[in-house]
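Analysis of the macromolecular model
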Amino acid sequence: MGKKYRVVTVAITLLLTAVAFVFAEENKPQKVTFITHWSPQAQFAGYYVAKEKGFYKERGIDVEILSSGPSISASQALADGKADFAVLWLSQALQNRSKGVKLINIGQIMPRSGLMFVARKSAGIRKPEDLNGKKVSLWDGDLRLSGEAFIKKYGLNVSKIHQSYTVNLFLAGGVDAVMAMWYNEYHTIISSGMDPEELSVFFFKDHGLNVPEDGLYTLEGTYRKDPALTKAFVEASIKGWLYAFSHPEEAVDIVLERMRTGNIPANREHQKWMLKSVEQLITTNGGISKTVALSPEDYRAVSGMLKEHGLIDSVTDFDSFYVPAVTYVEK
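A quick note: this is a predicted structure, and the numbers were derived from the prediction, not measured.

Looking at the side chain of Thr218
For Thr218, the location among the structural elements is in strand S10 (residues 215–219). In this structure the side chain of Thr218 is engaged in a polar contact, spanning 2.7 Å, whose partner is the backbone oxygen of Asp84. Apart from residues no more than four positions distant in its own chain, Thr218 is found in contact with Leu78, Asp84, Phe85, Lys102, Leu103, Ile104, Ile106 and Tyr223.

Some remarks on the pattern of salt bridges
Taken as a whole and assessed by the stated rule, the structure comprises 20 salt bridges. Across the pair Lys31 and Asp62 runs a salt bridge, and its minimum N-O distance is 2.9 Å. Linking Lys31 in strand S1 (residues 30–36) with Asp62 in strand S2 (residues 61–67), this pair joins segments that are 31 residues apart in sequence. A salt bridge links Glu148 to Lys160, with the nearest nitrogen and oxygen atoms 2.8 Å apart. With Glu148 in helix H5 (residues 143–153) and Lys160 in strand S7 (residues 159–162), this residue pair connects regions lying 12 residues apart in the sequence. Taken together, the shared-partner salt bridges connect Glu249, Asp253, Arg268, Glu269 and Lys272 into one network.

Remarks on the nonpolar core
Considering soluble globular proteins, one finds that nonpolar side chains tend to be buried as a cluster. Core analysis: the largest hydrophobic core is formed by 107 residues, its most contacted members being Tyr47, Phe117 and Leu131. Looking at this core, the element that brings in the most residues is helix H9 (residues 227–246), giving 11 residues.

Some points on the confidence of the model for the protein
Mean pLDDT over the protein stands at 89; residues scoring 70 or higher make up 88%. Here helix H1 (residues 2–26) is the element of the protein with the lowest mean pLDDT, 60, and helix H2 (residues 45–52) is the one with the highest, 98.

As for the packing of H9 against helix H11 (residues 268–282)
Interaxial distance between H9 and H11 falls to 10 Å at its minimum, and their mutual angle equals 130°. Considering the angle they form, H9 stands oblique to H11. For the pair H9 and H11, the crossing hand works out as left-handed. When H9 is examined against H11, the residues Trp241, Ala244 and Phe245 are found in contact with a partner set consisting of Leu275, Val278, Glu279 and Ile282. Looking at side-chain class alone, the contact of H9 with H11 contains six nonpolar, no polar and one charged residues.

Some details on the pairing of S1
Judged by how many residues are buried, S1 sits mostly within the fold: five of seven residues are covered. One ladder, built from seven bridges, connects S1 with S2; its direction is parallel. Among the inter-strand pairings, Thr33 is bridged to a residue of S2, identified as Glu64. A crossover connection joins S1 to the parallel S2 through H2; in handedness this β-α-β unit is right-handed. Relative to strand S3 (residues 85–88), S1 runs parallel, the two sharing two bridges.

Re the sheet that holds S2
Sheet architecture is open: five strands sit in the order S2-S1-S3-S10-S4, paired in mixed fashion. Among the strands making up the open sheet, the edge pair consists of S2 and strand S4 (103–107). Pairwise comparison of adjacent strand axes, ignoring direction, gives a mean angle of 30° for this sheet. Contacting S1, S2, S3 and S10, H2 runs over the sheet at an angle of about 140° to S2.

Some remarks on the sheet that holds strand S8 (residues 177–181)
Across a sheet, strands are paired by hydrogen bonds formed along the backbone, either parallel or antiparallel in direction. In spatial order, the strands read S7-S6-S8-S5-S9; together these five strands make up an open sheet with mixed pairing. On the outer flanks of this sheet lie S7 and strand S9 (199–203), each paired with one strand and no other. Along the sheet, successive strands turn relative to each other by an average axial angle of 30°, direction set aside. Direction of pairing for strand S5 (residues 115–120) relative to S9: antiparallel, over a ladder of five bridges.

Looking at the environment of Thr316
Turning to its location among the elements, Thr316 is positioned in the loop between helix H12 (296–308) and helix H13 (318–321). Residues Thr316 and Arg97, spaced 219 residues apart in sequence, show a C-alpha to C-alpha distance of 7.5 Å. Not counting chain neighbours up to four residues away, the residues in contact with Thr316 comprise Arg97, Tyr299 and Phe321. One polar contact links Thr316 to Arg97, side chain to side chain, over a distance of 3.5 Å.

What to know about the environment of Gln41
Secondary-structure assignment places Gln41 in the loop between S1 and H2. A residue is classified by how much of its surface remains accessible, and Gln41, at 10% relative accessible area, is buried. For Gln41 and Gln271, which are 230 residues apart along the polypeptide, the C-alpha to C-alpha distance reads 6.8 Å. For Gln41, the residues in contact, after removing those within four places along its chain, are Tyr48, Asn184, Val255, Met259, Gln271 and Met274. Within the local environment of Gln41, its side chain forms a polar contact with the side chain of Gln43, the two groups lying 2.8 Å apart.

Calculation criteria
- Residues numbered from 1 in each chain as written.
- Predicted model: local features only at pLDDT ≥ 70, side-chain atom pairs only at ≥ 80, totals over all residues.
- Heavy atoms only, no water.
- Helix = DSSP H or I, 4+ residues; strand = E, 2+ residues; numbered from the N terminus.
- Polar contact = N/O pair within 3.5 Å; in protein donor to acceptor, adjacent residues only side chain to side chain.
- Contact = heavy atoms within 4.5 Å.
- Salt bridge = Lys/Arg side-chain N within 4 Å of Asp/Glu carboxyl O.
- Core = buried A, V, L, I, M, F, W, Y, C linked by side-chain atoms within 4.5 Å.
- Buried < 20%, exposed > 50% of the residue type's maximum accessible area, 1.4 Å probe, protein only.
- pLDDT = per-residue confidence, 0-100.
- Axes fitted to C-alpha atoms, helices over the stretch in contact; angles between N-to-C directions.
- Parallel < 35°, antiparallel > 145°, perpendicular 65-115°, else oblique.
- Left-handed = near helix turned anticlockwise from the far one by under 90°.
- Nonpolar A, V, L, I, M, F, W, Y, C, P; charged D, E, K, R; others polar.
- Pairing = 2+ DSSP bridges.
- Right-handed = clockwise from strand over helix to strand, strands pointing away.

Okay, here's the thing in C-alpha cells:
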C-alpha cells in the first residue's frame, strides 16, 4: 500500500508540475522586436516609456526595442524579419512597398509633418516668394521631397545647396534658408543664440504639403498570424505616449537613460523641447483622438509626390496598405 501510495503521489506531482509548466508557458509574455528609425531620442519617448512602465507587459508582450541609424535601416530590419514592428516615415514605407516588401501601416502615430524652411528676415524673406534668387539648402533623399515640392509650388528660382546633417552653413550665413525639423534643427538654431523673431518659418504642412511622419508598421504576414498581438502593441504604445505627455520630466529621464546606454550625447533641454514639439505633432486637443488614422488624402498626396520624382513605380491600393489596429483612442 505504501509503495502504491508513493507512486500515485509522484504521478500527481508530475502531472501538476506539467500543468503548471504549460500554464506558465501559455501566460508567458510574447517576445517581439520593435525598431525605431533613428537613434534614441525623445522622438520615440512613448515607446521607451511603454516598456519601462510595463505597458507592453500588461498586454502580454515582452518588447525588445532596437535602434537604427546611418548604417542600420529600420525598414530593412522589418523586411528581413529582424524586427516584428517598426516606426517609419510614410515616404520610407511607400518606397519599400513599391519594391515588393509587404509592409502595412497599422497606426499613423504622427499625422503631421514637422519639416520646414527656416530663413532670416534680415535677408528680406518674410513670405515664400521672397525666397526667389536666394541660396536654399536641402537634404538629400526623400527628406528633400517636401522642400522640392514647396519650391515647385511657388515657382521659385533658387540656388539649391547640399545640406549636411548640421545647420552650421545657415548659422555661418552661407545660405539664406535651410531645411529643418521643428523638434530638432529649429531648436538647434534658436539655441545657438538666434532670436525666433529674427526668423521666418515655413511649415510645409501649412502649405498643403503635409507628409505624415512616424507611423507604426508590420508585415502583412505578422498581422494575419496574430491581429490581437498587433492591436495590443499599438494600444500599449499609445498608452506610453499619453503617459509621456502627462509626465514629461519622467519621460525625458527615461529617454536620457536610453541615450546614455547607447553612448549618445544627451542634452536634457533639447530632449524636453523635442518631446513638447512631438506632442504637438501627435495630439489633437491634448489627446490622441482618431489621429492614429492614416489620412487617405495624405496617402494619395505623398504617393503622388514620390511617383512624380521617380522614387516609386507603383502605388498600392490604400485599403491594402493601411490596416488600422486601433480606430479610436481617448486621453
